[in-house]
Amino acid sequence: MEIVIETPNSPRKRKGANWEKYGWMYMRISGAVLIVLIFGHLIVNLWDKGVGAIDFAFVAGKWTNPFWQVWDVLMLWLALIHGTNGMRTITNDYAEKEWVRKTLNITLWVVCGALIILGTLVATTFDPCIDPNAVNYLPTVCK
Amino acid sequence: MAKLPAGTLYRGKVGMWSWVLHRITGVAIFFFLLVHILDTSLVRVDPEAYNGVMATYKTVIIGFGELGLVAAILFHAFNGVRIILIDFWRKGFKYQNLMFWIVVAIAFILFAGFAPRHLMHVFSYNN
Ligand code: HEM
Ligand code: HEM
């Protein structure tokens, strides 16, 4: 079967916001920013002292500093929306039944929204002294 | 819908394989991120529960999984730059093939630098 696209470079006729175009731009802009955010995240958490160093006190050391809170919340929003929008492209490619495609896409955005709310709350309401009776992992700021 | 695409310019070449890899790595990172946000949220619930889950991140088996994750991110990130250059740089599409191999080379070099250090961290922790 042959697919003919007539005058592919003619201007778009449909009215209203061109959401596919904004999504396309978003993938590229968020991708560029995410390189800095994710590489920075991996250098500090995985390269510097290695995974062995990560525990509650490690997170407390970072999230009592607004710099890392802003860093992580930005990374959370950008990466999740980028990933969810990318997954939407993929379900649009492979889901052949319309109701399957719709259901998958709605599920994707619901999960994305829930995790954005959860992650944002976790990073912004973080409490290093959540358990003042603890001995092993209580960060120095609480002592 | 046509089940058999007729094109031969694209199929089976660098353009297709870079796209397949970009898609697979994107999906893998996406599912990691879903789990990762949930495990991180334990810091808001119970420090001991968080430390317990992080202990599994430090095992040798997951340590190898982290190598895979980093490999996926390195490829996806640099190939993402390649896609952006193809779209916005006037000569981008002319050099897309060469850029693919540059992407592979940069990702490989960074991975080769990362892997031994990561494995040293993982194995010294598990000693
Ligand atoms: C490290 C920085 C990153 C860069 C530079 C980057 C770049 C890109 C670009 C340029 C695209 C193509 C979009 C299009 O064709 O319209 C894309 C697609 C995609 N990305 Fe990323 N990305 C990055 C991180 C991530 C992360 C963290 C995730 C997961 C949470 C992710 C998941 C995806 C998925 C699922 C797709 C769709 C693939 C497809 O349609 O075949 N990416 N990325
Ligand atoms: C094996 C590699 C990784 C390790 C060991 C790791 C570790 C951590 C740790 C310890 C935190 C707590 C806060 C902080 O330290 O900044 C965190 C948070 C976070 N990480 Fe990672 N990370 C890894 C890979 C990734 C990747 C690849 C992404 C992006 C796709 C990512 C995205 C995030 C986000 C968005 C948060 C904030 C979550 C929230 O606000 O609840 N991480 N990670």
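Check the entry above for the structure.
The shown structure was predicted, so the numbers you read here are calculated from the model rather than taken from an experiment. (Residues numbered from 1 in each chain as written. Chains lettered and ligands numbered in written order. Predicted model: local features only at pLDDT ≥ 70, side-chain atom pairs only at ≥ 80, totals over all residues. Heavy atoms only, no water.)

(A) How the structure looks around the overall build of chain A. Of the regular secondary structure elements, chain A holds four helices and zero strands. Listing each helix as α and each strand as β along chain A from the N terminus yields α-α-α-α. In summary, chain A has a C-alpha radius of gyration of 21 Å against a globular reference of 15 Å for 143 residues, an excess of more than 25%. For chain A, the C-alpha atoms occupy an extent of roughly 70 × 30 × 30 Å along the three principal directions. By residue count, 40% of the 143 residues in chain A fall in the buried class. Considering only contacts in chain A between residues 6 or more positions apart, those separated by 24 or more positions represent 67%. Counting every atom, chain A has about 9100 Å² of accessible surface; 67% of that belongs to carbon and sulfur. When the 13 basic and 11 acidic side-chain charges of chain A are each reduced to a single mean position, those positions are 9 Å apart. (Helix = DSSP H or I, 4+ residues; strand = E, 2+ residues; numbered from the N terminus. Rg over C-alpha atoms; globule rule 2.2 N^0.38 Å. Buried < 20%, exposed > 50% of the residue type's maximum accessible area, 1.4 Å probe, protein only. Contact = heavy atoms within 4.5 Å. Areas by Shrake-Rupley, 256 points an atom, 1.4 Å probe, with all protein chains shown as cover. Lys, Arg positive; Asp, Glu negative; His and termini not counted. Charge placed at Lys NZ, Arg CZ, Asp CG, Glu CD.)

(B) Molecular detail of the site of ligand 1. Taken together, 22 residues lie near ligand 1, and Arg28(A), His82(A), His22(B), Arg23(B) and His76(B) sit nearest. Among the chains of the assembly, those with residues near ligand 1 are chains A and B. Contacts to ligand 1 include Arg28(A), whose side-chain N or O atom sits 3.0 Å from an oxygen atom. His76(B) places a polar side-chain atom, nitrogen or oxygen, 2.8 Å from a nitrogen atom of ligand 1. Looking at the shell around ligand 1, the element that brings in the most residues is helix α1 (residues 19-48) of chain A, giving seven residues. Of the residues contributing to the shell around ligand 1, the split by class is eleven nonpolar, nine polar and two charged. (Near = heavy atom within 4 Å. Polar contact = N/O pair within 3.5 Å; in protein donor to acceptor, adjacent residues only side chain to side chain. Nonpolar A, V, L, I, M, F, W, Y, C, P; charged D, E, K, R; others polar.)

(C) Region of interest: the packing of aromatic side chains. Counted by the stated rule, this structure contains twelve aromatic pairs over all chains. Both rings, one in Phe30(B) and one in Phe31(B), keep their centres 5.4 Å apart while their planes meet at 75°; by these two values the pair is edge-to-face. The ring of Trp24(A) has Arg28(A) sitting right over it, with the charged end atom 3.9 Å from the ring centre. Above the face of the Trp47(A) ring, Arg117(B) is positioned so that its terminal group lies 4.4 Å from the ring centre. (Phe/Tyr/Trp six-rings, centres within 6.5 Å; stacked < 30°, edge-to-face > 60°. Lys NZ or Arg CZ within 6 Å of the ring centre and 35° of its normal.)

(D) Helix α4 (residues 96-125) of chain B, seen in detail. For α4(B), which comprises 30 residues, the first-to-last C-alpha distance of 42 Å matches the rise-based estimate of 44 Å (1.5 Å per residue) to within 8%. When we look at burial in α4(B), the residues that qualify are Met99(B), Phe100(B), Val103(B), Ala107(B), Phe114(B), Ala115(B), His118(B), His121(B) and Val122(B). In the core, the buried residues of α4(B) are packed alongside α1 of chain A together with α1 (14-40) and α3 (60-88) of chain B. (Expected span 1.5 Å × (residues − 1).)

(E) Structural context of the coordination of the iron atom of ligand 1. The iron atom of ligand 1 binds to the protein through His82(A) (NE2) and His76(B) (NE2), with metal-donor distances spanning 2.0 to 2.1 Å. One way to put it: the six donor atoms around the iron atom of ligand 1 meet at angles of 85 to 179°, and that makes the site octahedral. Pair noted here: His82(A) is in helix α3 (residues 66-94) and His76(B) is in helix α3, and the two residues belong to different chains. (Donors = N, O, S within 2.8 Å, 3.2 Å for Na, K, Ca; no water. Tetrahedral: all angles 85-135°; square planar, octahedral: opposite > 155°, others 65-115°.)

(F) View of the site of ligand 2. By nearness alone, 26 residues border ligand 2, and His41(A), Lys62(A), Asp72(A), Gly119(A) and His36(B) come closest of all. Residues near ligand 2 are shared among chains A and B, making this a multi-chain site. A distance of 3.2 Å separates an oxygen atom of ligand 2 from a polar side-chain atom of Asn45(A). At 2.5 Å from an oxygen atom of ligand 2 is found a side-chain nitrogen or oxygen belonging to Asp72(A). Tallied by class, residues from the shell around ligand 2 come to 18 nonpolar, five polar and three charged.

(G) View of the interface of chain B and chain A. Every contact between the two is made by 43 residues of chain B and, on the other side, 45 residues of chain A. Carbon and sulfur atoms supply 74% of the area that chain B and chain A bury against each other, a total of about 3700 Å² over both sides. When the area that chain B buries against chain A is broken down by residue, the three leading residues are Arg23(B), Phe30(B) and Arg44(B), summing to 17%. Taken together, the links from chain B to chain A amount to two salt bridges. For Arg23(B), the salt bridge goes to Asp93(A), with nearest N and O atoms at 2.6 Å. Our enumeration of links across chain B and chain A arrives at nine residue pairs in polar contact (both at pLDDT 80 or more). A total of twelve residues in the side of chain B that touches chain A trace back to one element, the largest contributor, which is α3(B). Taken together, the residues of the side of chain B that touches chain A sort by class into 27 nonpolar, eight polar and eight charged. (Buried area = accessible area lost by both parts, 1.4 Å probe. Salt bridge = Lys/Arg side-chain N within 4 Å of Asp/Glu carboxyl O.)

In short, the description is geometric, and any link to function would need to be established separately.
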